[in-house]
Amino acid sequence: TGPLKDMNFSVPEGGGVRFIYQFTSEPPAVSFRATGEKDGIIDIVPRTGILFLNGSLDWETKAVHRLQVESLDEKGNTVKGPCAVTIYVEDVNDNPPEFDQMKYTGVVRQNSRPGSKPFMYVHATDRDDPTTLHAQLVYSILHHFPNPYSEMLFQIDNVTGAISPSRIGSYYLDPQKQDTFTLVVTVKDMAGMTTNAFTSSTDVIITVKESLWKAPSVIRVQENSTQAHPVNISQVHSNEQDVIYDIFEKEKLPRLPFSIDQNGVIYVTEPLDREEKDTYNFFVVTKDNKGELVDKPLQIRVVVEDINDNPPVCQKPLTVVEVQENEGGGSNIGTLLATDRDQEDTLNSRLQYKIESQVPDVPASNLFFIQQDTGILQLIGRSLNKRIASNYSLKVLVTDAVFQTICDVQIHVIDINDQIPIFEKSDYHNVTVAEDLPVGTVILEIQATDGDEPGTGSSYIIYQVKEGDPKNTFFIETDSETKRGFVRINKALDFETAPVYNLVINATNPEPLVSGVQYNSSSLTLFKVFVTDVDEPPIFHETIYKEEVSEDIPVNTLVMTVEAYDPEGDTVR
């Protein structure tokens with residue numbers, strides 16, 4: 001209670017009939033009168049001055065009621081006032097939030113980035129006072145149908161209602177496996193902080209569509225194109241809008257002959273040469289306006305297709321073939337080798353051979369034949385006679401589908417191989433070497449002689465270790481002038497593994513022996529190799545240890561164990 005004056009009151013909405021305040025009268029006032037925004041709910045008892053509600057206030061209908069109250073005397077004349085009485089209606093949480101739609105639909109692309117740009121929004125409103133918690137709304141996903149994984153495939157921004165794929169959803173969403181999902185999305189008022197907050201829900205139907213962001217199949221570009229460059233060769237599309245396309249090199253080339261525009265169109269910027277480089281690999285990336293990657297990089301593979309732009313090339317300026325004079329008709333006497341830089345195993349690089357001429361052309365032509373597709377030379381008819389001609393020169397035409405080349409072949413008629421190599425010693429006794437001698441070191445020189453025609457395959461000597469060296473620890477090199485053999489170390493020696501080698505060496509010719517002649521013990525020699533011990537450093541079991549780890553591996557995680565051993569059995573640390 002109190003005297004009449006200007007007053008403000010705050011009254012919670014709802015609550016029904018109740019008293020607000022009682023004004024006390026001051027003589028000669030005997031009653032009170034209230035006018036203004038009473039709206040049939042607010043009034044005053046004239047004789048007692050009690051201001052009261054005869055119903056419930058509603059903030060959503062009217063938040064402020066402005067009245068004028070005055071006191072009156074017996075004759076109804078104003079004694080005091082009118083005074084301004086303002087009633088502010090306080091909001092209570094009496095309205096649940098409501099979604100704009102009963103059901104929402106949206107489309108998401110496979111492989112969309114988690115939390116990047118949402119593919120859809122839901123929105124709800126609350127009629128309560130927006131300046132209070134009563135109308136502060138939070139969104140969440142209540143159910144997810146179907147949900148084959150332990151985590152949800154979608155996420156929602158609890159303030160804006162923006163829906164996007166979750167981290168696991170970005171990885172697993174696949175329209176081939178499941179193309180439709182139903183989310184039950186809820187919205188709560190009171191910022192979701194109390195258990196008695198109002199909650200509403202709606203269904204969100206999401207359709208998963210195939211990702212636009214995928215690498216094209218292998219791009220094929222014909223070499224030496226005469227088109228005006230740049231030439232459009234392919235296009236990629238991001239799932240996101242307003243991205244910046246760029247190319248990232250996988251290979252560090254002096255110049256990458258490709259570019260991409262901001263519509264994702266890939267161009268080749270200059271003519272390509274397959275013989276220079278037949279494939280290119282690079283990545284296409286998308287970035288936002290801050291330079292951050294938007295999509296996973298796509299690997300692009302470009303194959304340069306061949307055209308016939310290279311002539312055949314003789315592998316040697318002069319191909320020399322040796323033929324024993326007793327060689328029979330039809331024998332293979334050698335092969336002319338030619339190459340073509342065009343793509344292998346295509347018609348562009350298919351070579352064919354034909355003998356154009358033979359000098360001398362006596363005593364009869366057609367002594368030789370060359371197989372059209374292999375270049376193999378054969379004798380025709382009878383054996384050659386060295387007394388008639390010891391050398392023949394052939395001009396061979398080599399062609400592909402477009403080009404042709406002449407290759408020179410010289411054929412030497414040589415003496416038959418009827419003499420075997422004979423060693424000067426049948427036993428070279430012992431050689432002692434340290435196990436740390438470098439590979440390639442000569443440890444012994446050996447000598448054999450051959451009575452056949454010098455400078456021919458019948459007299460050339462090939463030395464080989466016949467017995468005592470199963471792991472090819474040694475090899476023998478022949479001096480073409482002196483026919484002397486040099487025994488060299490081919491692999492590192494190891495006293496612990498093999499301290500002694502008992503070697504048997506034979507000497508043979510590259511040309512086969514004539515019928516009735518065979519190699520015998522005169523073409524063999526012996527010697528022993530004693531390996532002495534040298535203290536060696538420890539050795540790792542592997543020359544390279546490799547392991548892959550993820551970038552978020554915890555500190556102190558064991559990555560790998562390396563092991564080494566000492567050849568002499570000493571402790572390794």
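Residues numbered from 1 in each chain as written. Predicted model: local features only at pLDDT ≥ 70, side-chain atom pairs only at ≥ 80, totals over all residues. Heavy atoms only, no water.

With an unreviewed UniProt entry as reference, the protein chain is termed Cadherin-17, source organism Eolophus roseicapilla.

With respect to the helices and strands, N509 occurs in the loop between β40 (500-508) and β41 (524-532). Look at N509 and you get buried, because its relative accessible area is 7%. Of the polar contacts made by the side chain of N509, one reaches the backbone oxygen of Y460; its length is 2.8 Å. Not counting residues up to four positions away in its chain, the partners in contact with N509 are N417, Q419, P421, D450, G457, S458, S459, Y460, I461, I462 and Y519. (Helix = DSSP H or I, 4+ residues; strand = E, 2+ residues; numbered from the N terminus. Buried < 20%, exposed > 50% of the residue type's maximum accessible area, 1.4 Å probe, protein only. Polar contact = N/O pair within 3.5 Å; in protein donor to acceptor, adjacent residues only side chain to side chain. Contact = heavy atoms within 4.5 Å.)

Taken in spatial order, the four strands make up an open sheet running β34-β36-β39-β38, and their pairing is antiparallel. Among the strands making up the open sheet, the edge pair consists of β34 (422-423) and β38 (474-478). (Pairing = 2+ DSSP bridges.)

A complete count under the given rule lists 14 salt bridges for this structure. In this structure, the salt-bridge partner of K214 is E210, at a minimum N-O distance of 2.7 Å. Relative accessible area serves as the criterion here: at 41%, E210 is assigned to the partly exposed category. R274 is the partner of D306 in a salt bridge, and the nearest nitrogen-oxygen pair spans 3.2 Å. On the criterion of sequence distance, the pair formed by D306 in the loop between β24 (298-305) and β25 (313-314) and R274 in the loop between β22 (265-268) and β23 (279-287) is long-range, its members being 32 residues apart. Using a relative accessible area of 11% as the deciding quantity, one classes R274 as buried. Here the salt bridges share partners, and the residues they tie into one network are R274, E275 and D306. (Salt bridge = Lys/Arg side-chain N within 4 Å of Asp/Glu carboxyl O.)

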